[in-house]
Amino acid sequence: MTRMSGQAKNSLFPVVVIGLFCITILAGLIGTLLPSLNYLPVIGHTSFSLSVWFDFFSYPGIQTAIRVTLFTGLSASFGAVSLAFLFITFSYGNRLWKFFEKILSPVLSIPHAAFAIGFGFLIAPSGWLIRMVSPWMTGFTVPPDWLLLNDPFGISLTIALVIKEFPFLIMVTMGALGQLDIKKTLLAGRALGYKKEQIWLKLLIPRLYPHLRLSIFAVIAYSFSVVDMAIILGPSSPPPLAVLILKWFNDPVMSFKMLASAGSLFLFFMVMVSILCVYLIEKSAGVLRPWTANGKRRSFLAPIKPIIFFMGSTTFFFTAVSSVILVIWSLTWQWRFPDFLPSAGTLKFWEKGLESSFDPVMTTLLTGIVSAFIGLVLTIGCLEHNVTAKQRRTRNYTNYIPYFLYLPLLVPQISFMAGIQLLLVIMRMDGYWITLMVSHLLFVLPYMFIALSATYLAFDSRVFDQAMLLKRSYIMVLFRVKLPMLLKPILFSFAIGFSVSVAQYIPTMLVGAGRFSTITTEVVSIASGSDRRVIAVYALIQQFLPMMMYSLAIIFPKIYYYNRKGMQV
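About the cut-offs
- Residues numbered from 1 in each chain as written.
- Predicted model: local features only at pLDDT ≥ 70, side-chain atom pairs only at ≥ 80, totals over all residues.
- Heavy atoms only, no water.
- Helix = DSSP H or I, 4+ residues; strand = E, 2+ residues; numbered from the N terminus.
- Buried < 20%, exposed > 50% of the residue type's maximum accessible area, 1.4 Å probe, protein only.
- Contact = heavy atoms within 4.5 Å.
- Areas by Shrake-Rupley, 256 points an atom, 1.4 Å probe, with all protein chains shown as cover.
- Lys, Arg positive; Asp, Glu negative; His and termini not counted.
- Charge placed at Lys NZ, Arg CZ, Asp CG, Glu CD.
- Salt bridge = Lys/Arg side-chain N within 4 Å of Asp/Glu carboxyl O.
- Expected span 1.5 Å × (residues − 1).
- Core = buried A, V, L, I, M, F, W, Y, C linked by side-chain atoms within 4.5 Å.
- Disulfide = S-S within 2.5 Å.

**Student:** So what exactly am I meant to see when it comes to the overall build of the protein chain here?
**Tutor:** Secondary structure assignment for the protein chain yields 27 helices and two strands. For the protein chain, the spread of C-alpha atoms along the principal axes amounts to about 75 × 65 × 55 Å. Burial status across the protein chain gives 52% buried among its 569 residues. Intrachain contacts of the protein chain at a sequence separation of at least 6 include 79% that bridge at least 24 residues. For the protein chain, the accessible area works out to roughly 26,100 Å², and carbon and sulfur atoms hold 68% of it. Counting 44 positive and 20 negative side-chain charges, the protein chain places the averaged centre of each group 15 Å from the other.

**Student:** What's the story with the pattern of salt bridges in this structure? I'm lost.
**Tutor:** Side chains that differ in sign of charge can pair as their charged atoms come close. Enumeration over the complete set of coordinates arrives at two salt bridges. Between Arg213 and Glu282 there is a salt bridge, with its nearest N and O atoms 2.5 Å apart. Taken as a pair, Arg213 in helix α10 (residues 196-225) and Glu282 in helix α13 (residues 254-283) lie far apart in primary sequence, 69 residues in all. The partly exposed category is assigned to Arg213, whose relative accessible area is 23%. When the shortest N-O distance is used, the salt bridge between Lys482 and Glu384 registers 3.0 Å. With Lys482 in helix α23 (residues 474-485) and Glu384 in helix α17 (residues 358-392), this pair connects stretches of sequence that are 98 residues apart.

**Student:** Just to check I follow, could you spell out helix α2 (residues 12-36) for this structure?
**Tutor:** Every α-helix winds through 3.6 residues per turn, so residues three or four apart in the chain are directed the same way. Look at α2: 36 Å from first C-alpha to last across 25 residues, which is about the 36 Å you get at 1.5 Å a residue. Every buried residue of α2 is listed here: Pro14, Val17, Ile18, Phe21, Thr24, Ile25, Gly28, Gly31, Thr32, Pro35 and Ser36. Count one or two residues on from α2 and you reach Asn38, which has phi positive near 70°.

**Student:** For this particular structure, what's the right way to read the environment of Pro546?
**Tutor:** Structurally, Pro546 can be placed in helix α27 (residues 532-560). A residue is classified by how much of its surface remains accessible, and Pro546, at 0% relative accessible area, is buried. When residues no more than four places from it in sequence are discounted, the contact partners of Pro546 are Ser109, Pro111, Phe498, Ser499 and Val502.

**Student:** Help me out: how do you make sense of the nonpolar core in this one?
**Tutor:** In terms of nonpolar packing, the biggest core is built from 170 residues, with Phe56, Trp200, Leu241 and Tyr456 touching the most fellow members. Counting residues per element, this core draws most heavily on α10, at 15 residues. Once residues within four sequence positions are removed from consideration, Phe56 is found in contact with Ile62, Leu241, Trp248, Leu259, Ala262, Gly263 and Phe266.

**Student:** I would appreciate a short explanation of helix α24 (residues 487-502) in the present structure.
**Tutor:** Look at α24: 22 Å from first C-alpha to last across 16 residues, which is about the 22 Å you get at 1.5 Å a residue. The buried count for α24 comes to 14 of 16 residues, which makes it a mostly enclosed element.

**Student:** Got a minute to help me understand the state of the cysteines in this structure?
**Tutor:** A covalent bond bridging the sulfur atoms of two cysteines is what the word disulfide describes. Scanning the model with the defined rule gives zero disulfides in all. Here Cys382 is not cross-linked by a disulfide; its sulfur's nearest cysteine counterpart is in Cys22, at 13 Å. Judged by its relative accessible area of 2%, Cys382 is buried.

**Student:** Quick question: what am I supposed to make of the side chain of Asp228 here?
**Tutor:** Here Asp228 is to be found in helix α11 (residues 228-233). For the buried Asp228, which has no salt bridge, the nearest side chain bearing the opposite charge is Lys164, at an N-O separation of 9.8 Å. Not counting the four nearest positions on each side in its chain, Asp228 is found in contact with His112, Ala113, Tyr222, Ala503, Tyr505 and Val524.

**Student:** I'm lost on unusual backbone geometry in this one. Help?
**Tutor:** Trans is the common state for peptide bonds, and a negative phi is the common state for residues other than glycine. A cis geometry characterises the amide bond from Ser237 onward to Pro238, with omega recorded as -5°. The residue Pro238 is located in the loop between α11 and α12 (241-249) in this model. Even without glycine at this site, Asn38 takes up a positive phi of about 70°. For Asn38, a relative accessible area of 11% translates into the label buried.

Structure follows, in structure tokens:
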């Protein structure tokens, strides 16, 4: 097969991806819009009206749910983005930054639900942080009556979201920094007498922000619509709006599904307005131009440098210690307050947990591996089409893909997954594993594309062309030369896709129709009403699966490249 015929065939990949995302998201939003307007023929509602919206705004506690969602969504987004920018400004290139580069992958592999449980075990009134200073500092011999978890304002949820989204933004930033000439800019600025912080604030961050814009919008959407962490750490009476919507969708009374549709659209409206406000702030940043050219060399942020270092390090500290406390609780038989460590240990809960979690783990593994593999095939196909289209100067469909891939990340999950679930129920296609896998693929594919695209497109095409000159077919060169050389980034992309699939909660709950249990749905369901030792075992099992895949992505290339050092990219 020649390269021209290879291009003709791989042009199908971007068409398939664009069609998949267009159809599912459009169908989901239509399936959410119609019931919110009182149109649901399966239960006899065939006339349009606004009665559902009146019921939504008059639902008991809805104002409080909206207020908590606004507070947690805006505060977590602002906190994570601000901390990420400030941390990059102060730490880029130093030892702390290099240390974060090494530990970022294992930190990102921890699912949100597992982290939320460990974080809850830390900050609870009987948690490890209180035990560390009791009774010698606090005088507590019994847990204090403090409302630290599930507080009515959602403060604990906000802090947890900042800690979890901060590493994601750092990862995206590391990829974007390669597209800027950081060293030359810093050297030029220092030669003119500017401090490092001032160079970042005036020159580098304004150039960096366009590369991070969509990722920041995705953080905003996630902070507003998070469900699993909100169930574990957020208030419960009333809960945040996303949790309340999920509760309505799971109600056996069909009229509540119409109420949930209205809530989903309102949540979508909240996210879009927030993103629009951020976009308008970005556009109005031109008023700062006089400040960027005022010639001041010293930064007003210099005094808070130690605070930013402390806060950035604290996020990784809490992530690491939350995993440690899960391990301790999973091995605990007796642990009385205020003892710092358990007085007796046991493996009994691991034995029971491994046995009872076997079926959810198998479902998680199967769904994650298949969705990540299909996502990898589609990603490589689209990127290969991009490469060949540029060389042949033909129409490049891949240029349109990012606009569609980011839609599931920018639209709240529950806003269109709920509509998809209603349509699947009407078509009697809900509760099938294939639909569950495709729903995971919608969220797996964007992250895999983002993770692999920069490295894949930077591959030296001369290597491929030289192999083609040896009279080898396009397919043979692709699979025997190019893909083996890109093995390491491909496996990391696969690991990222698998970990995203493991963390999916809303698609499993809605599309799975209760017929499929994954380790994530099990963790969230037992988080609020079970023994801490059982919860810890399940959370660690959930955490182990992505780490296992990341470990394989690190170890296998080392073995494969052992005698092929020159093949590494």
